[in-house]
Amino acid sequence: MNSLEIRVLGNDAATCAMLADLLIETVAAGGSVSFMHPLSPDVAREFWRKSFAAAARGERAVLGASNGDTLVGTVTLLLDCPPNQPHRAEIAKLMIRLDHRGKGTATRLMRAAEELAVEKGRTLLVLDTASEEGAAGLYEKLGFTLAGEIPDYALKPHGGLTGTLIYWKRIGRD
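Residues numbered from 1 in each chain as written. Predicted model: local features only at pLDDT ≥ 70, side-chain atom pairs only at ≥ 80, totals over all residues. Heavy atoms only, no water.

Draft legend 1. Here's a closer look at the overall build of the protein. When helices and strands are counted, the protein shows four helices and seven strands. Reading the protein from its N terminus to its C terminus gives the helix and strand order β-α-α-β-β-β-α-β-α-β-β. A compact globule built from 174 residues would reach a C-alpha radius of gyration of about 16 Å, and the protein, at 15 Å, matches this within 12%. Principal-axis analysis of the C-alpha atoms places the extent of the protein at approximately 40 × 35 × 35 Å. The long-range fraction of contacts in the protein, counting pairs at least 24 apart against all pairs at least 6 apart in sequence, stands at 61%. When the accessible surface of the protein is totalled, it reaches about 9000 Å², and 50% of it is carbon and sulfur. (Helix = DSSP H or I, 4+ residues; strand = E, 2+ residues; numbered from the N terminus. Rg over C-alpha atoms; globule rule 2.2 N^0.38 Å. Contact = heavy atoms within 4.5 Å. Areas by Shrake-Rupley, 256 points an atom, 1.4 Å probe, with all protein chains shown as cover.)

As structure tokens, this is what we get:
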């Protein structure tokens, strides 16, 4: 994975198409990322169009992990918080292509998102993940602390309810 490049993604047709494919693959595989299976390409592309519009306003940053010309993972850093929470950012939509899981891509994306959050003056990161088949182990390995669980929080992509685990991490303090 030495050729893996992590960067903030720009809004171009090729990137949006790769992100839409990744979102569709993630949902089809049961990933709880706010969408139901089957996810249409039009809906996936519209999600990313709106995400990049929010990024252009400084409300978020979409990071990508590329291996050559292939996008193999993404994570979004949400920066648009209420006025009384300018110190906080949220991690969202961590997705890794099925054939690249278990190779350190998610860890590298999370570290890059944390570094970007620190650059933006944030001192607290929060995130949530599905109770069933989520990425709790990864987040705990990266130093996130479990705040608690909300049962029956969302529908799984293929149906049925799952809870969500809420995590937090202080950042940017030496």
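Draft legend 2. Geometry of the sheet that holds strand β5 (residues 124-130). Read from one edge to the other, the open sheet built from seven strands follows the order β1-β2-β3-β4-β5-β7-β6, with strand pairing classed as mixed. Both outer strands of the open sheet, β1 (4-8) and β6 (145-155), are each paired with one neighbouring strand and no more. Strand-to-strand, the axes of this sheet are offset by a mean angle of 25°, without reference to chain direction. Of the strand pairs in this sheet, strand β4 (residues 88-96) and β5 are connected by three bridges, and their pairing is parallel. Looking at β5, one finds that R88 is bridged to L124. Against the sheet, helix α1 (residues 13-28) touches β2 (60-67), β3 (70-78) and β4, its axis set at about 85° to β3. (Pairing = 2+ DSSP bridges. Axes fitted to C-alpha atoms, helices over the stretch in contact; angles between N-to-C directions.)

Draft legend 3. Spatial organisation of the packing of α1 against helix α2 (residues 41-56). The interhelical angle for the contact between α1 and α2, taken along N-to-C directions, is 120°, at an axis separation of 9 Å. Comparing their axes, α2 and α1 come out oblique. For the pair α1 and α2, the crossing hand works out as right-handed. Residues T15, C16, L19, A20, L23 and I24 of α1 form the contact with α2, whose own contacting residues are P41, A44, R45, F47, W48 and F52. (Parallel < 35°, antiparallel > 145°, perpendicular 65-115°, else oblique. Left-handed = near helix turned anticlockwise from the far one by under 90°.)

Draft legend 4. Quick look at the nonpolar core. By size, the foremost hydrophobic cluster in this structure holds 29 residues, and its most contacted members are V75, L77, I91, L94, M110, L125 and F144. The biggest single contributor to this core is helix α3 (residues 105-119), with seven residues. Setting aside residues up to four positions removed in sequence, L125 forms contacts with L77, A89, I91, E114, A117, F144, Y167, W168, K169 and I171. (Core = buried A, V, L, I, M, F, W, Y, C linked by side-chain atoms within 4.5 Å. Buried < 20%, exposed > 50% of the residue type's maximum accessible area, 1.4 Å probe, protein only.)

Draft legend 5. View of the environment of E5. Relative to the helices and strands, E5 is located in strand β1. The exposure class of E5 is partly exposed, given its relative accessible area of 43%. Placed 67 residues apart in sequence, E5 and V72 show a C-alpha to C-alpha distance of 9.9 Å. Leaving out residues up to four positions away in the same chain, E5 has contacts with G64, A65 and S66.

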